[in-house]
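Below, each chain spelled out in residue letters.
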Amino acid sequence: MKDSLRQQFERLSYRLSELDNILAEGTVAADMKRYRALTREQAEASELVTQYRQYVQREADLAEARQWLADPKMAEMAEMAREEIAAAEADLSRLHEALQMALLPRDPDDERSAFLEIRAGAGGDESALFAADLARMYLRYAERQGWKTEILSSSDSDLGGYKELVVRIEGERVYGRLKFESGGHRVQRVPATESQGRVHSSACTVAVIAEPDETEEIQLNPADLRIDTFRASGAGGQHINKTDSAVRITHVPTGLVAECQDDRSQHRNKAKAMLVLAARLRDKDRIAREAKASSERKGLIGTGDRSDRIRTYNYPQGRLTDHRINLTLYKLAAILDGDLDEVAAGLNAAQAAEQLALLEEGRA
């Protein structure tokens, strides 16, 4: 184990002693929010420190077994020493990997539900059709994960695609599993409108935004908001098309806009649009912070900015390529049917490797 990692675990051991003393006083229980935070930190630290102490003990066991093997006076113990060396080395490898992974910084947003936004880009009607394909892919993936989905707003194209679509996805670790989908997606295929069989390229942008915690919701100044109502354009029956139930909210200082038209109730649509707007403002701040933090070293996965072209879907070759991690899979039909597990695993593994490199440099 590198000295930088060993030092982090020594500091964690010291912090655990501090936590034990604080919680033993009893007075902290008067503040239940702080008490729960400290007990959670204590439990996590205790687990890591226990593993670290096991690692240190196995290091000592390995050193002792090697001494036995090197000592001529302990020749009768040679076979036992070899077995102990093999067992200790295996334990050390396993514990080292577990300790490294446990030290990786965790994104507190990973456990949250999320908003998925898809917008057609260059390519006209073909781009809108591709947006519909992406929407179906994510909705099928959500179904496989057992997540709930709710379309908050959509703008349909003439040929049945989407100019824009916003979906709320609710479930366990939605943001953590989908956050790397943010960015530019490009498709290469023969459009349905192409009479000469030529392959065209078009693009869409995807944004995955963590849903804010209600207790930490961004405070919006009513003076900064412009609220417009209009008639919903999508499905919903005669009633929804005859009343101004749809709501569009504009945050004037930033120009960010959120709208919702899925409900017959203007009040509920306003509440949902306000939640989407708060999420977008929060995400805007996150991207700005990450861009500043990574100015010296560009992250492998990127910041999730929509201007980053992250992936190509090549229909003639049945190929998906994620350009951030040089991942190429020849199973495009399955992926578009919602089989994103291999892609998600590759992206998470790449992020873990990047974080480990920073950790070992003492920068994480």
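Up top is the structure.
Residues numbered from 1 in each chain as written. Predicted model: local features only at pLDDT ≥ 70, side-chain atom pairs only at ≥ 80, totals over all residues. Heavy atoms only, no water.

Asker: Can you help me understand the overall build of the chain in this one?
Answerer: Along its length, the chain carries nine helices and eleven strands. The buried share among the 364 residues of the chain stands at 41%. Taking as baseline every contact in the chain between residues at least 6 positions apart, the subset at least 24 positions apart corresponds to 62%. When the accessible surface of the chain is summed, it comes to about 19,600 Å², and 48% of that surface belongs to carbon and sulfur atoms. (Helix = DSSP H or I, 4+ residues; strand = E, 2+ residues; numbered from the N terminus. Buried < 20%, exposed > 50% of the residue type's maximum accessible area, 1.4 Å probe, protein only. Contact = heavy atoms within 4.5 Å. Areas by Shrake-Rupley, 256 points an atom, 1.4 Å probe, with all protein chains shown as cover.)

Asker: Teacher, can you tell me more about the environment of Ile118 here?
Answerer: Looking at the element boundaries, Ile118 is found in strand E1 (residues 114-120). Relative accessible area serves as the criterion here: at 1%, Ile118 is assigned to the buried category.

Asker: Where do I start with the pairing of strand E10 (residues 319-322) in this structure?
Answerer: Along any regular strand, the residues point their side chains to alternate faces of the sheet. The alternating pattern of E10 places Arg319 and Thr321 and Leu320 and Asp322 on opposite faces, both of which are buried. The pairing of strand E9 (residues 309-314) with E10 spans four bridges and is classified as antiparallel. The partner of Thr312 across the bridge, within E10, is Thr321. As paired elements, E10 and strand E11 (residues 327-329) share three bridges and run antiparallel to each other. Directly across from Asp322, in E11, lies its bridge partner Leu327. Linkage of E10 to E11, two consecutive antiparallel strands, is achieved through a turn of four residues, within which Asn326 is found at a positive phi near 55°. (Pairing = 2+ DSSP bridges.)

Asker: Explain the nonpolar core here, please?
Answerer: Generally speaking, a soluble globular protein has its nonpolar side chains buried in company with each other. Grouped together as the largest cluster of nonpolar side chains are 35 residues, with contacts concentrated most on Leu134, Tyr138 and Tyr313. Breaking this core down by element, the ones donating at least two residues are E1, helix H4 (125-145), strand E3 (162-170), helix H5 (174-178), strand E5 (200-210), E11, helix H8 (332-336) and helix H9 (341-360). If one sorts the elements of this core by residue count, H4 sits on top with eight residues. Every residue in contact with Leu134, bar those within four places of it in the chain, is listed here: Ile118, His185, Cys204, Val206 and Tyr313. Counting 17 residues, the second-largest nonpolar core is a separate cluster that includes Leu16, Tyr55, Leu62 and Ala88. (Core = buried A, V, L, I, M, F, W, Y, C linked by side-chain atoms within 4.5 Å.)

Asker: Which parts of the structure should I look at to understand the sheet that holds strand E7 (residues 246-251)?
Answerer: Where strands meet in a sheet, backbone hydrogen bonds hold them as pairs that are either parallel or antiparallel. If you trace the three strands from one edge of the open sheet to the other, you get E6-E7-E8, paired in antiparallel fashion. Taken across any chain shown, the strands that pair with only one partner, and hence form the sheet edges, are strand E6 (225-230) and strand E8 (256-260). Neighbour-to-neighbour, the strand axes of this sheet turn through a mean angle of 15°, independent of strand direction. Two elements, E7 and E8, share five bridges in a ladder whose sense is antiparallel. Counted as the bridge partner of Thr250 is Val257 from E8. (Axes fitted to C-alpha atoms, helices over the stretch in contact; angles between N-to-C directions.)

Asker: I'm lost on helix H1 (residues 3-25) in this one. Help?
Answerer: Helical geometry: 3.6 residues make up each α-helical turn, so side chains three or four residues apart lie on a common side. The end-to-end C-alpha distance of H1, which contains 23 residues, comes to 34 Å, matching closely the 33 Å that a straight helix rising 1.5 Å per residue would cover. Those residues of H1 that sit buried are Leu5, Gln8, Phe9, Leu12, Ser13, Leu16, Leu19 and Leu23. One or two positions beyond H1, positive phi appears at Gly26, with a value near 90°. (Expected span 1.5 Å × (residues − 1).)

Asker: Got a minute to help me understand the pattern of salt bridges in this structure?
Answerer: Pairing is possible between side chains of opposite charge, provided their charged atoms come close. The tally for this structure, following the rule as stated, stands at 32 salt bridges. For Arg189, the salt bridge goes to Glu126, with nearest N and O atoms at 2.4 Å. Taken together, the positions of Arg189 in strand E4 (residues 183-189) and Glu126 in helix H4 put the pair 63 residues apart, joining distant regions of the chain. Asp228 is the partner of Arg226 in a salt bridge, and the nearest nitrogen-oxygen pair spans 3.7 Å. With relative accessibility at 43%, the residue Arg226 sits in the partly exposed group. Judged by relative accessible area, Asp228 falls into the partly exposed class, the value being 28%. One network of salt bridges, in which partners are shared, links Arg58, Asp61, Glu84, Asp91 and Arg94. (Salt bridge = Lys/Arg side-chain N within 4 Å of Asp/Glu carboxyl O.)

Asker: Mind showing me how you'd approach the packing of aromatic side chains here?
Answerer: Here the distance between the centres and the angle between the planes together describe a pair of aromatic rings. The final tally for this structure, using the stated rule, is three aromatic pairs. Considering the side-chain rings of Phe130 and Tyr313, the 5.4 Å spacing of their centres and the 70° angle between planes classify their relative orientation as edge-to-face. Pair noted here: Phe130 is in helix H4 and Tyr313 is in strand E9, with a separation of 183 residues, a long-range link. Assigned by exposure class, Phe130 and Tyr313 land together as buried. The interplanar angle of 85° and the centroid separation of 5.6 Å between the aromatic rings of Tyr141 and Trp147 together place this pair among those described as edge-to-face. Take Tyr141: its relative accessible area is 3%, and that puts it in the buried class. For Trp147, a relative accessible area of 8% gives the class buried. The ring of Tyr315 carries Arg189 above its face, with NZ or CZ at 4.7 Å from the centroid. (Phe/Tyr/Trp six-rings, centres within 6.5 Å; stacked < 30°, edge-to-face > 60°. Lys NZ or Arg CZ within 6 Å of the ring centre and 35° of its normal.)

Asker: Is there a simple way to think about unusual backbone geometry in this case?
Answerer: What is expected of a backbone is that most residues other than glycine have negative phi and most peptide bonds are trans. At Arg173, a residue that is not glycine, the phi angle is positive and equals roughly 55°. Mapped onto the elements of the fold, Arg173 is located in the loop between E3 and H5. Here Arg173 falls in the partly exposed class, since its relative accessible area comes to 26%. At Asn326, a position not held by glycine, the phi torsion is positive, near 55°. In this structure, Asn326 sits in the loop between E10 and E11.

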